[in-house]
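So the chains spell out like this:
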Amino acid sequence: MSDRPTPEDRFRTAQARLIVAMDTHATSRMVRAQDRWTHVIEAGGGRPVVLVHGGDSLAGSWLPLMSRLRDGFHMFAPDRPGCGLTRWPLPRDVTLRDHATGFLLSMLDSLGLSRVNLVGSSMGGYWALAFALAHPERVQRLALLGAPSGSAPRPRLHERVIALPGIGGIVHAAMWPSSRTAVRKRLARRVAHPERLPEPLVDLLDAGVRLRGMERAALRLRRAAVPALGAPRLTRALRDDLRGLRFPVLLAWGQYERCPVRWGEELCGLLPDACLEVVPDAGHLGWLDEPDATASLLGEFLDAGAMLSVRRG
């Protein structure tokens with residue numbers, strides 16, 4: 001037998017190092033969601049907050065933010081299906097909207113959380129919106145950090161190409177980061193200051209893309225999210241329903257977000273009780289560029305609401 005660490009061993013080691021580096025006092029555990037093992041990072045104490053990460057990302061990407069909020073909130077960050085240590089991908093027989101809603105509902109039930117503050121980034125922002133529309137009684141407040149996926153009027157060309165049979169898989173494989181340098185370059189397109197990225201976080205994301213099945217799961221997710229032809233999906237497709245959300249919503253838009261602020265203003269105008277805040281000197285992943293400013297903004301927003309029911313039973 002070989003003594004060489006497996007990709008999962010390297011991932012667990014990198015995650016443990018990031019937890020220590022960020023001083024979160026977080027724990028990592030597996031819970032059952034939709035009858036499958038699902039990985040969750042948990043930290044802090046107080047009112048519950050569930051954080052949903054974006055596409056091609058990991059629960060661990062929230063650790064810089066969790067470290068700054070752990071004294072006031074009990075935070076739960078799951079690896080979405082097909083990401084990190086949640087080793088099962090998007091099922092083929094459900095829509096992405098139903099998948100997102102079903103996963104988060106099962107996750108909250110498994111954690112014993114009756115009503116939560118929900119935070120989403122990018123694809124996680126779409127998941128959070130889809131869940132909030134389906135189960136508004138389970139959401140106290142909703143925060144979207146960065147533009148939720150599908151906010152643009154139409155998908156980009158490469159997204160539509162990836163949705164095509166055959167050639168789309170080849171294009172996706174060619175774009176998948178195959179080295180630590182490629183991981184850093186991909187991150188650099190989502191932040192305003194790549195030099196501020198914690199090295200242990202880059203190490204974790206590098207270990208994450210090497211996990212067995214993650215690239216295949218990401219391809220399946222992209223094809224479910226963006227049609228090769230036809231109308232846009234994701235957040236754009238939710239617009240007619242958003243006026244039904246009656247709880248407070250925060251949109252925290254990075255100053256250098258690739259989606260223009262006017263799209264955030266437009267989205268904000270569709271929500272009955274929403275505010276848009278621009279995080280100066282930040283990109284799409286604002287808490288990695290400006291962790292203190294983002295944590296302060298998010299903490300003030302979440303502190304403004306009193307939780308009516310923290311846990312079941």
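Described in the following lines is the structure provided in the data block. For clarity, every value in this text was computed on a predicted model and none was experimentally measured.

**Regarding helix α10 (residues 261-270)**
Those residues of α10 lying buried are Trp-263, Gly-264, Leu-267, Cys-268 and Leu-270. Down the axis of α10, the buried side of the element spans an arc of 155 degrees, and every buried residue falls inside it. Opposite the packed face of α10, turned more than 90 degrees from it, sit the exposed residues Arg-262 and Gly-269. In this fold, the buried residues of α10 make contact with β7 (249-254) and β8 (274-279).

**Focus on empty space enclosed by the protein**
In this structure the tally under the stated criterion is 5 cavities of 30 Å³ or more. Taken as a whole, the largest cavity spans an internal volume of roughly 60 Å³. Every residue along the wall of the largest cavity is listed here: Ser-151, Thr-235, Arg-236, Arg-239, Trp-263, Glu-266 and Leu-267. Its residues assigned to classes, the lining of the largest cavity shows 2 nonpolar, 2 polar and 3 charged.

**Observations regarding the nonpolar core**
Within the largest apolar cluster, 50 residues are counted, with the highest numbers of intra-cluster contacts made by Leu-51, Trp-62, Leu-65, Met-66 and Leu-298. Here the element with the most residues in this core is helix α8 (residues 199-209); it accounts for 6 residues. If you look at the next biggest cluster of nonpolar residues, it comprises 48 residues, including Leu-96, Leu-111, Val-139 and Trp-263.

**Focus on the packing of helix α7 (residues 180-188) against α8**
Between α7 and α8, whose axes approach to 9 Å, the crossing angle comes to 110 degrees. Accordingly, the angle class assigned to the pair α7 and α8 is roughly perpendicular. In terms of crossing hand, the pair formed by α7 and α8 is right-handed. Between α7 and α8, the residues in contact are Arg-180, Val-183, Arg-184 and Leu-187 and Glu-199, Val-202, Asp-203, Leu-205, Asp-206 and Val-209, respectively. Its residues assigned to classes, the contact of α7 with α8 shows 5 nonpolar, no polar and 5 charged.

**Focus: the state of the cysteines**
The full count for this structure, using the stated rule, is 0 disulfides. Of all cysteine sulfurs, the one in Cys-268 lies closest to Cys-259, which takes part in no disulfide; the gap is 15 Å. Considering cysteine sulfurs only, Cys-268 is the nearest to Cys-275, which forms no disulfide, with 6.6 Å between them. Given the relative accessible area of 31%, Cys-275 is considered partly exposed.

What counts and what doesn't
Residues numbered from 1 in each chain as written. Predicted model: local features only at pLDDT ≥ 70, side-chain atom pairs only at ≥ 80, totals over all residues. Heavy atoms only, no water. Buried < 20%, exposed > 50% of the residue type's maximum accessible area, 1.4 Å probe, protein only. Helix = DSSP H or I, 4+ residues; strand = E, 2+ residues; numbered from the N terminus. Arc of directions from axis to C-beta. Contact = heavy atoms within 4.5 Å. 1 Å grid on protein atoms, 1.4 Å probe; cavity = no way out; pocket = protein on both sides within 12 Å on 5 of 7 lines; lining within 4 Å. Points joined across faces, edges and corners; volume = space filled by probe spheres on them. Nonpolar A, V, L, I, M, F, W, Y, C, P; charged D, E, K, R; others polar. Core = buried A, V, L, I, M, F, W, Y, C linked by side-chain atoms within 4.5 Å. Axes fitted to C-alpha atoms, helices over the stretch in contact; angles between N-to-C directions. Parallel < 35°, antiparallel > 145°, perpendicular 65-115°, else oblique. Left-handed = near helix turned anticlockwise from the far one by under 90°. Disulfide = S-S within 2.5 Å.

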